[in-house]
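Fold and contact review
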Amino acid sequence: MDVLLLPFRWIYRGLVWFANSPRTLIISYLLMIVVAGVLYSHAEHKSAADSVWWAVVTASTVGYGDISPTSFAGRFLAALLISTMVLLVIPLITAHFASRLIVDDDAFEHAEQEELKADVRRLRALVEEMAARQGIAVPEPERPEPVSTGPPWERRRRRTRHR
């Protein structure tokens, strides 16, 4: 089963890498426009300027209609460019910038978290000391499973390893 999921893991990791790098996103967008323009120029026998204009208009899904493909190769290229932009590049760019805009200012910083953990350890030690004086057994705290942020297939595999 792991062998079948391997390509999907690679795709997932690649998407995460793309999504976390604005430079890569912008370079890939520009590269797609240039490559699509060159391919369109050869398929439809149009000028380089018209082909790049067509690629920009098609990739942005505006579709003015002033230039449109007439050959099968041109139409296939248009479908591929639109699908890639709509299903991959635009969502990744949007997700990246949205994640930068949505920042929790009330979230604890690392130093604050460490300070809170140290305080809890000191309090636990005091409670255990007081309980020992009274002859009371303090139960061990329950340890919840760590929350995984990976893809579902990796979370499932990690859970089975821990048990």
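It should be noted that the structure appears before, not after, this text.
Just so we're clear, the structure is a prediction, and the values are computed from it rather than from any experiment.

Comments concerning the overall build of the protein
Within the protein, the regular secondary structure consists of 6 helices and 0 strands. Tracing the protein from N to C terminus, the helices and strands come up as α-α-α-α-α-α. In the protein, the proportion of contacts linking residues at least 24 apart, taken out of those at least 6 apart, comes to 50%. Surface summary for the protein: the accessible area is close to 12700 Å², and the carbon and sulfur share equals 65%.

Overview of a nonpolar patch on the surface
Nonpolar side chains collect at one region of the surface, where Phe8, Ile11, Leu15, Ile82, Val86, Leu87 and Leu88 lie side by side and expose about 620 Å² of accessible area between them. Every element with two or more residues in the nonpolar patch is listed here: helix H1 (2–19) and helix H4 (72–101). Looking at the nonpolar patch, the element that brings in the most residues is H4, giving 4 residues. Examined against the element boundaries, Ile11 turns out to sit in helix H1.

Some words on H4
Compared with the 44 Å implied by 1.5 Å per residue over 30 residues, the 42 Å span of H4 between its first and last C-alpha is a close match. Where H4 bends most, at Met85, the angle is about 45°. Of the residues making up H4, those classed as buried are Gly74, Leu77, Ala78, Leu81, Met85, Val89, Leu92 and His96. Tucked into the core, H4 has its buried residues touching H1, helix H2 (22–44) and helix H3 (48–59).

Section: the packing of H1 against H2
Helix packing for two helices is described by the angle between their axes and how far apart those axes are. Across the interface, H1 lies against H2 with an axial gap of 6 Å and an inter-helix angle of 100°. By the angle between their directions, the pair H1 and H2 is classed as roughly perpendicular. Between H1 and H2, the contacting residues are Trp17, Phe18 and Ala19 on the first element and Thr24, Leu25 and Ser28 on the second.

Observations concerning the pattern of salt bridges
Counted by the stated rule, this structure contains 4 salt bridges. Between Asp119 and Arg122 there is a salt bridge, with its nearest N and O atoms 2.2 Å apart. Residue Asp119 and its partner Arg122 are both found in helix H5 (residues 110–134); the two are separated by 3 residues, about one turn of the helix. Among the residues examined, Asp119 registers a relative accessible area of 27% and is labelled partly exposed. Here Glu128 makes a salt bridge to Arg124, at a shortest N to O gap of 3.3 Å. Within this pair, Glu128 and its partner Arg124 are both found in helix H5, separated by 4 residues, close to a single helical turn. You can call Arg124 partly exposed: its relative accessible area is 27%.

Comments concerning the packing of H2 against H4
Running from N to C, H2 and H4 cross one another at 170°; their axes reach a closest spacing of 11 Å. What the angle tells us is that H2 and H4 run roughly antiparallel. Contacts from Pro22, Leu25, Tyr29, Met32, Ala36, Leu39, Tyr40, Ala43 and Glu44 of H2 reach H4 at Ala73, Gly74, Leu77, Leu81, Thr84, Met85, Val89, Leu92, Ile93 and His96.

Examining the packing of aromatic side chains
Following the criterion strictly, the structure yields 3 aromatic pairs and no others. Ring geometry for Trp53 against Tyr64: centres 5.9 Å apart, planes inclined by 10°, an arrangement best described as stacked. Of the two residues, Trp53 is situated in helix H3 and Tyr64 in the loop between H3 and H4; the sequence distance between them amounts to 11 residues. A residue is classified by how much of its surface remains accessible, and Trp53, at 39% relative accessible area, is partly exposed.

Conventions we followed
Residues numbered from 1 in each chain as written. Predicted model: local features only at pLDDT ≥ 70, side-chain atom pairs only at ≥ 80, totals over all residues. Heavy atoms only, no water. Helix = DSSP H or I, 4+ residues; strand = E, 2+ residues; numbered from the N terminus. Contact = heavy atoms within 4.5 Å. Areas by Shrake-Rupley, 256 points an atom, 1.4 Å probe, with all protein chains shown as cover. Patch = residues over 30% accessible without salt bridge, like charges linked within 9 Å, V, L, I, M, F, W, Y side chains within 5 Å. Salt bridge = Lys/Arg side-chain N within 4 Å of Asp/Glu carboxyl O. Expected span 1.5 Å × (residues − 1). Bend = angle between axes of the 7 residues up to and from the residue. Buried < 20%, exposed > 50% of the residue type's maximum accessible area, 1.4 Å probe, protein only. Axes fitted to C-alpha atoms, helices over the stretch in contact; angles between N-to-C directions. Parallel < 35°, antiparallel > 145°, perpendicular 65-115°, else oblique. Phe/Tyr/Trp six-rings, centres within 6.5 Å; stacked < 30°, edge-to-face > 60°.

The analysis is restricted to geometry; functional conclusions fall outside its scope.
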